[in-house]
Amino acid sequence: MDNVTIDVHVNGLDQEVLRAEIRRALLRTPRELPTKYFYDDRGSELFERICELPEYYQTRTEHMLLSTIADQLVARTEAEELVDLGAGAATKTRVLLTAMAKANRLRTYIPFDVSEGIVRRVANELVTEYRGLRVHGVIGDFLEHLEHIPSGEKRLVVLLGGTIGNLRPDAASAFLSQVSAEMTSGEYFLLGVDLIKEAKRLEAAYNDAAGLTAEFNKNILRVLRTSLDLDFEPEAFAHVAFYNPSDQRIEMRLRSTREQALHLQTLDLTLTLAQDEDILTEVSVKYDRQKAETVLSRGGFHMVEWYTDPEQLFGLALARKA
Ligand SMILES: C[S@@+](CC[C@H](N)C(=O)[O-])C[C@H]1O[C@@H](n2cnc3c(N)ncnc32)[C@H](O)[C@@H]1O
């Protein structure tokens, strides 16, 4: 399609880098796997289904908040281009795109995601849904390839879905510094954060009755088995997710259900896992207003507005590049 451009910055050629990254993570104490490997096409689809689960209040709440503030946000930021970091299915982003279109401001949408299939799908959907819209997708790792965000004017950059929570607070500030370095002084940034709340509610969201989060968690092993030919057996692991109150984060882990020796040939590594030994696959750091303000200001942003729902489940911080 004429009005769709897709730039690809991650592909199979990076295999050496990927292997080194995974090897390092598995040799950490506790063992880890990098969260971004959840998101092949199947992982993205599972995440979309998780967003619709009754236990997963995050998506509904952020959607409702965005619907409430979209018009004033568009008027205030005067944005004509939307840069969506970790865009995924762009379901909630459509609320912003619609408000921009209504104000006759919508020009360009820039979805940036590591998952190629979903960016291509969303690009084609959106140019049909919004007349005259240009979509310039970037397939890349937002921790590595931010400089490939196309330059533009009157941009609003968003990072929704609580994705910032996948980074520990220091890494989150370092990442936000990279984001602000790509922006022009005065441009706006919208950050969605899941809020600190009672453990029971948080843990239910990551241990859904339908077992989709468990499937999603194990998908990381399937991705690594397929893309790097690694000898993981998803059936030999159990999904574990709990709230760690001292670090104010959900930890998602894969727990080895038996003692096992994994011969990870392409990593040149044999990994011996004890029964009940964990591999940390995701952290989801929870925020409050103060913590969001701090992480933003360390990243070179000045928070100008804070929005939350009556139950204080989810927060949206509007910030400006200082
Ligand atoms: C929690 S989902 C949020 C999706 C969407 N923004 C939403 O609010 O529903 C995280 C998204 O970020 C993408 N992602 C995760 N790590 C990434 C990375 N390092 N670089 C680029 N995209 C990444 C995933 O593919 C996924 O689409």
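The present account deals with the structure reproduced in this document. The structure displayed is predicted, hence computed values, not measured ones.

Calculation rules
Residues numbered from 1 in each chain as written. Predicted model: local features only at pLDDT ≥ 70, side-chain atom pairs only at ≥ 80, totals over all residues. Heavy atoms only, no water. Helix = DSSP H or I, 4+ residues; strand = E, 2+ residues; numbered from the N terminus. Rg over C-alpha atoms; globule rule 2.2 N^0.38 Å. Buried < 20%, exposed > 50% of the residue type's maximum accessible area, 1.4 Å probe, protein only. Contact = heavy atoms within 4.5 Å. Areas by Shrake-Rupley, 256 points an atom, 1.4 Å probe, with all protein chains shown as cover. Lys, Arg positive; Asp, Glu negative; His and termini not counted. Charge placed at Lys NZ, Arg CZ, Asp CG, Glu CD. Polar contact = N/O pair within 3.5 Å; in protein donor to acceptor, adjacent residues only side chain to side chain. 1 Å grid on protein atoms, 1.4 Å probe; cavity = no way out; pocket = protein on both sides within 12 Å on 5 of 7 lines; lining within 4 Å. Points joined across faces, edges and corners; volume = space filled by probe spheres on them. Nonpolar A, V, L, I, M, F, W, Y, C, P; charged D, E, K, R; others polar. Pairing = 2+ DSSP bridges. Salt bridge = Lys/Arg side-chain N within 4 Å of Asp/Glu carboxyl O. Arc of directions from axis to C-beta. Near = heavy atom within 4 Å. Domains from an automatic or database assignment.

Quick look at the overall build of the protein
The secondary structure content of the protein amounts to nine helices and 14 strands. Its C-alpha atoms give the protein a radius of gyration of 20 Å, within 12% of the compact-globule value 20 Å for 322 residues. Expressed as lengths along the three principal axes of its C-alpha atoms, the size of the protein is roughly 60 × 45 × 35 Å. For the protein, the proportion of its 322 residues judged to be buried stands at 55%. Relative to all contacts within the protein whose residues are 6 or more apart in sequence, the contacts with residues 24 or more apart total 73%. Carbon and sulfur atoms provide 48% of the accessible area of the protein, an area that totals close to 14000 Å². If you average the places of the 38 positive and of the 51 negative side-chain charges in the protein, the two averages end up 3 Å apart.

Considering the side chain of Asp-278
Tracing the sequence through the fold places Asp-278 in strand β12 (residues 278-285). For Asp-278, a relative accessible area of 12% corresponds to the buried category. A distance of 2.9 Å separates a polar atom in the side chain of Asp-278 from a polar atom in the side chain of Arg-253. At a separation of 2.6 Å, a polar atom in the side chain of Asp-278 contacts the side chain of Arg-255. Other than its neighbours up to four places away in sequence, Asp-278 contacts Arg-31, Arg-253, Leu-254 and Arg-255.

Regarding empty space enclosed by the protein
Summed over all chains, the structure comprises one cavity of 30 Å³ or more. Taken as a whole, the largest cavity spans an internal volume of roughly 30 Å³. If you go around the largest cavity, the residues you meet are Ile-149, Arg-155, Val-157, Val-179, Glu-182 and Met-183. In the lining of the largest cavity, the residues fall into four nonpolar, no polar and two charged.

Let's talk about the pairing of strand β9 (residues 249-256)
By the criterion of burial, β9 is predominantly enclosed, with seven of the eight residues buried. As paired strands, β9 and β12 are joined by seven bridges and run antiparallel to one another. Bridge assignment links Leu-254 to a residue of β12, and that residue is Ile-279.

Regarding the pattern of salt bridges
One pass over the full model with this rule turns up 29 salt bridges. When salt bridges with common partners are traced through the structure, they connect Glu-48, Arg-94, Arg-121, Glu-125 and Glu-129 into a single cluster.

Side note on helix α2 (residues 41-51)
Every α-helical turn comprises 3.6 residues, leaving residues that sit three or four positions apart pointing alike. Listed as buried for α2 are Gly-43, Ser-44, Leu-46, Ile-50 and Cys-51. Around the axis of α2, the buried residues are gathered within 160 degrees of arc, so they sit on the same side. Check the buried side of α2 and you find it contacts α3 (57-77), α5 (116-129) and α8 (212-228).

Focus: the environment of Glu-233
Considering the arrangement of structural elements, one finds Glu-233 in the loop between α8 and β8 (237-244). As a C-alpha pair, Glu-233 and Arg-222 span eleven residues in sequence and 8.1 Å in three-dimensional space. Ignoring sequence-local partners within four residues, the contact set of Glu-233 consists of Arg-225 and Arg-258. At a separation of 3.4 Å, a polar atom in the side chain of Glu-233 contacts the side chain of Arg-258.

Describing helix α4 (residues 93-102)
With seven of its ten residues buried, α4 lies for the most part within the structure. Listed in full, the buried residues belonging to α4 are Thr-93, Arg-94, Val-95, Leu-96, Leu-97, Ala-99 and Met-100. After α4 finishes, the residue Asn-104 shows a positive phi value of roughly 55 degrees.

Some remarks on the site of the ligand
Around the ligand, a shell composed of 15 residues is seen, among which Gly-86, Lys-92, Asp-113, Asp-141 and Phe-142 lie nearest. Val-114 places a main-chain nitrogen or oxygen 3.2 Å from a nitrogen atom of the ligand. Within the side chain of Asp-141, one N or O atom sits 2.8 Å away from a nitrogen atom of the ligand. For the ligand, whose accessible area on its own is 590 Å², the fraction buried by protein is 92%. Counted by class, the shell around the ligand contains six nonpolar, five polar and four charged residues. Two domains share the shell around the ligand, each providing at least three of its residues, namely domain 1 (5-51 + 199-285) and domain 2 (56-198 + 287-321).

Geometry only, nothing functional implied.
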